Amino acid sequence: MLSNIGFPGLFLILVIALVIFGPSKLPEIGKAVGHSLREFKKATNDIMNEDKDNSGK
């Protein structure tokens, strides 16, 4: 899904976010999104590792 956005689409999304949230809120939003993605990736890896451990027993 995200691989089809491309540079023009990403630029448009960033401009719209800048207009809606303002320049002072964008770093906070970016930090929150990054933290959420990191936690999601960690949880996914934990589930995959748990599944591998259970299938090997």
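The structure presented is a predicted model; accordingly, all values stated were derived computationally and were not measured.

(A) Structural detail: the overall build of the protein chain. When you go through the protein chain residue by residue, the secondary structure sums to two helices and zero strands. Relative to the 2.2 N^0.38 estimate, which gives 10 Å for 57 residues, the radius of gyration of the protein chain is 17 Å and therefore markedly larger than a compact globule would have. Each of the three principal axes of the protein chain carries a C-alpha extent, and together these read 55 × 25 × 10 Å. Expressed as a percentage of its 57 residues, the buried residues of the protein chain come to 4%. Carbon and sulfur atoms make up 68% of the accessible area of the protein chain, which totals about 5400 Å². With 7 positive and 6 negative side-chain charges, the protein chain shows a separation of 7 Å between the mean positions of the two kinds.

So, how was this worked out
Residues numbered from 1 in each chain as written. Predicted model: local features only at pLDDT ≥ 70, side-chain atom pairs only at ≥ 80, totals over all residues. Heavy atoms only, no water. Helix = DSSP H or I, 4+ residues; strand = E, 2+ residues; numbered from the N terminus. Rg over C-alpha atoms; globule rule 2.2 N^0.38 Å. Buried < 20%, exposed > 50% of the residue type's maximum accessible area, 1.4 Å probe, protein only. Areas by Shrake-Rupley, 256 points an atom, 1.4 Å probe, with all protein chains shown as cover. Lys, Arg positive; Asp, Glu negative; His and termini not counted. Charge placed at Lys NZ, Arg CZ, Asp CG, Glu CD.

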